[in-house]
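The residues making up each chain are set out below.
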Amino acid sequence: AAAKRALTEAKTHRVAMILIDQLRGALQNAIQTIIDRLINRNSSSAIQVLEKLTLQSNFGKHLKSGWSVALIGSPNAGKSSLINAILGYQRSIVLSQPGTTRDLLTARTALEGWPIELVDTAGLRSGGGPLETKGMTLALQQASRSDLVLLVADASCGWTEEQDQWRSQFENVLVVHNKQDLIQHHQGDRPDGVPTVAIASNGVQQLCEQIVLRSVGRVPAHGVAVPFTPTQAEVLDAALDLVKSSKLNDAVELLSSLLHEA
């Protein structure tokens, strides 16, 4: 029943195919297998299956919402131009002066068949006014709750300590060295990243591939059980804790509630 509801909201074909696997019984059969093993007091084997399912929960929770990618960096590094290049049309307003983007600007797309939300943010720099400071606060807050952060840097300028701080501030960061066409001489040491020229869409295909690799990650094989709702993830986590605490009957009761979920 949950899979039928989720299918009506599937944003891409690849998401729908995974949900169809669950509709055909992939997740239900995996849960029933765990229950059977617990009834037979084979807790170690049940734990193995439970752990595999919980590992898939992080992927499954994104099937409905998609993956969020925030773009941060100095003003006029080319964040807005980069979003436009990825989308293939002008979603963000691009002007020559820094600080054009003050609020969060979101755009949804699909990369390699996976739903992705791109979030354009205000440029980060010190010494701005109250409005600009508010925009930077929103930018950092958005980055902290995104699945992937693209740190966009102007490749024609030297790498700074401030950029190093931003890079270390978030767990999953991919550096984008934009404006490669403006490089006239060596700009010193820079961290690994994806070189781009956003206004010409150069390097954008490679960037999209890295976005999927770094945000979506490993994709489950066809027919694999994938928990896809918050309730399923919570119940499986709780059941794993119960089994590890030798409360097998409680775990069976809890897991059985998922099989009768309305």
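1. Overview of the packing of aromatic side chains
Okay, so step 1: A full pass over the atoms with the stated rule returns three aromatic pairs.
Okay, so step 2: Measuring from centroid to centroid gives 6.0 Å for Trp67 and Trp114, while their planes differ by 75°, and the two rings are edge-to-face. One end of the pair, Trp67, is in strand S1 (residues 67-73); the other, Trp114, is in strand S3 (residues 114-120), and 47 residues separate them in sequence.
Okay, so step 3: Judged by relative accessible area, Trp114 falls into the buried class, the value being 1%.
Okay, so step 4: Linked through ring pairs, Phe59, Trp67 and Trp114 together constitute an aromatic cluster.

2. Section: helix H9 (residues 204-215)
Okay, so step 1: Here H9 is twelve residues long and its end C-alpha atoms lie 16 Å apart, about the 16 Å a rise of 1.5 Å per residue gives.
Okay, so step 2: What H9 keeps buried is the set Val204, Leu207, Cys208, Ile211, Val212 and Ser215. The buried residues of H9 all sit within an arc of 135° when viewed along its axis, so they share a single face. Exposed residues on H9 whose side chains face more than 90 degrees from its buried face are Gln205 and Leu213.
Okay, so step 3: Directly after H9, the chain includes Gly217, whose backbone phi takes a positive value near 75°.

3. Comments concerning the sheet that holds strand S4 (residues 148-154)
In any sheet, the strands associate via hydrogen bonds between backbone groups, in a parallel or an antiparallel arrangement.
Okay, so step 1: Within the open sheet, the six strands sit side by side as S2-S3-S1-S4-S5-S6. Their pairing is mixed. One side of each edge strand has no neighbouring strand; the edge strands of this open sheet are strand S2 (105-111) and strand S6 (194-195).
Okay, so step 2: Direction of pairing for S1 relative to S4: parallel, over a ladder of five bridges. By the bridge assignment for S4, Ala70 is matched with Val149.
Okay, so step 3: Of the strands in this sheet, S1, S2, S3, S4 and strand S5 (173-178) are in contact with helix H6 (residues 79-87), which crosses S3 at around 155°.

4. As for the confidence of the model for the chain
Okay, so step 1: Averaged over all residues, the pLDDT of the chain is 90; the fraction at 70 or higher stands at 91%.
Okay, so step 2: Of the regions scoring below 50 in pLDDT, residues 93-99 engages in 13 contacts with residues more than four places distant in sequence or in other chains.

5. With respect to the pattern of salt bridges
Okay, so step 1: Taken as a whole and judged by the stated rule, the model has five salt bridges.
Okay, so step 2: Between Asp154 and Lys179 there is a salt bridge, with the nearest N and O atoms lying 3.9 Å from each other. Of this pair, Asp154 sits in strand S4 while Lys179 is found in the loop between S5 and S6, placing the two residues 25 residues apart along the sequence. The two residues Asp154 and Lys179 agree in class, both being buried.

Cut-offs used in this document
- Residues numbered from 1 in each chain as written.
- Predicted model: local features only at pLDDT ≥ 70, side-chain atom pairs only at ≥ 80, totals over all residues.
- Heavy atoms only, no water.
- Phe/Tyr/Trp six-rings, centres within 6.5 Å; stacked < 30°, edge-to-face > 60°.
- Helix = DSSP H or I, 4+ residues; strand = E, 2+ residues; numbered from the N terminus.
- Buried < 20%, exposed > 50% of the residue type's maximum accessible area, 1.4 Å probe, protein only.
- Expected span 1.5 Å × (residues − 1).
- Arc of directions from axis to C-beta.
- Pairing = 2+ DSSP bridges.
- Contact = heavy atoms within 4.5 Å.
- Axes fitted to C-alpha atoms, helices over the stretch in contact; angles between N-to-C directions.
- pLDDT = per-residue confidence, 0-100.
- Salt bridge = Lys/Arg side-chain N within 4 Å of Asp/Glu carboxyl O.

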